[in-house]
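# Coordinates in review
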Amino acid sequence: MRTITLLLAFISSAFAYQVLVPNGSQGWTNHGAQLLTWERVNTDRQNFTALLTNQNITGFQPQVLAALVDGSLGKANMNPPSGGWPTGDHFRVNIVQDATDLNTILAQSVEFSITQGTSTLSSTLASSSTGGVAIPPTATGVTTPTTDGGSNASPTSPITVPTSGATSRFTLQTGLLAVMSVMAFALA
């Protein structure tokens with residue numbers, strides 16, 4: 001009986017929200033908006049609240065990053081909390097029911113780090129290989145030496161490379177899920 005209960009719990013979790021980024025290999029930086037990506041199925045709630053947590057930092061209070069996020073989008077930029085992004089390890093993003101029910105967790109990311117950074121590009125590209133298609137690794141804080149008209153060359157004066165929040169990442173799984181969703185909608 002216990003085995004059947006565990007099996008049913010595992011199966012039901014396979015068809016629920018799943019946080020893709022941030023993750024253990026791709027965290028966030030403390031600079032600007034950070035990208036949250038997820039997968040969902042049609043039976044999941046349409047909206048959710050994103051919550052930043054860290055149980056390893058004494059006194060850290062969970063912080064609502066965004067409320068009423070449209071779950072069908074698959075990704076959203078999370079703006080910094082009111083006090084700015086904290087830095088360190090063991091952070092998680094919880095996808096919860098809503099801002100008034102923070103304890104009903106629909107999904108939880110794996111632990112990730114929030115590091116010092118100078119670029120929001122850190123969360124827009126994935127470092128993965130899915131279905132034979134390799135996606136380049138993430139760039140964080142890309143800098144280039146500058147000169148002051150050629151007279152005062154300084155290899156320690158960085159230029160922050162501009163990034164675009166419009167950069168997107170689609171995996172084979174996300175594409176297949178989208179196609180299946182459209183087919184299910186068309187057949188319904």
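Worth saying up front: this structure is predicted, and the values here are computed from it rather than measured.

Parameters at a glance
- All residue numbers refer to position in the chain's written sequence, counted from 1.
- Where totals are concerned, whole chains, interfaces and linings use all residues; where local detail is concerned, this predicted model gives features only for residues with pLDDT of at least 70, and gives and counts side-chain atom pairs only at 80 or more.
- Just so you know, side-chain values use all the structure's heavy atoms and leave hydrogens and water out.
- Whenever a carboxyl oxygen of Asp or Glu lies within 4 Å of a side-chain nitrogen of Lys or Arg, that contact is scored as a salt bridge.
- Helix numbers and strand numbers start at the N terminus; a helix is a DSSP run of H or I with at least 4 residues, a strand a run of E with at least 2.
- Partly exposed describes any residue whose relative accessible area lies between the buried limit of under 20% and the exposed limit of over 50%, with all areas from a 1.4 Å probe on protein chains only and scaled to the type maximum.
- Take the buried Ala, Val, Leu, Ile, Met, Phe, Trp, Tyr and Cys residues and link them wherever side-chain atoms come within 4.5 Å; each set so joined is a nonpolar core.
- Ring pairs are drawn from Phe, Tyr and Trp, using the six-membered ring of Trp, whenever the two centres fall within 6.5 Å, and their geometry is named by plane angle: stacked under 30 degrees, edge-to-face over 60, tilted for the rest.

## Considerations on the pattern of salt bridges
- Applying the stated rule across the entire model yields 1 salt bridge.
- Ionic pairing is found between arginine 92 and glutamate 111, a salt bridge with its closest N-O pair at 3.9 Å. With arginine 92 in strand β7 (residues 88-98) and glutamate 111 in the loop between β8 (101-108) and β9 (112-115), this residue pair connects regions lying 19 residues apart in the sequence.
- Classification of arginine 92 by relative accessible area gives partly exposed; the value is 25%.

## Description of the nonpolar core
- Grouped together as the largest cluster of nonpolar side chains are 21 residues, with contacts concentrated most on Trp28, Leu36, Trp38, Phe48, Leu52 and Met78.
- If you list the elements that add at least two residues to this core, you get β3 (34-39), β4 (47-53), β5 (63-70), β6 (75-78), β7 and β9.

## Some thoughts on the packing of aromatic side chains
- For the structure on display, the rule yields 6 aromatic pairs.
- Geometrically, the ring pair formed by tyrosine 17 and phenylalanine 48 is edge-to-face, given 5.2 Å between the ring centres and 70° between the ring planes. You can see tyrosine 17 sitting in the loop between α1 (2-14) and β1 (18-21) and its partner phenylalanine 48 sitting in strand β4, a full 31 residues away along the chain.
- Owing to a relative accessible area of 5%, tyrosine 17 belongs among the buried residues under this scheme.
- Geometrically, the ring pair formed by tryptophan 38 and phenylalanine 48 is edge-to-face, given 5.0 Å between the ring centres and 90° between the ring planes. Placement of tryptophan 38 in strand β3 and of phenylalanine 48 in strand β4 is noted, with a sequence separation of 10 residues between them.

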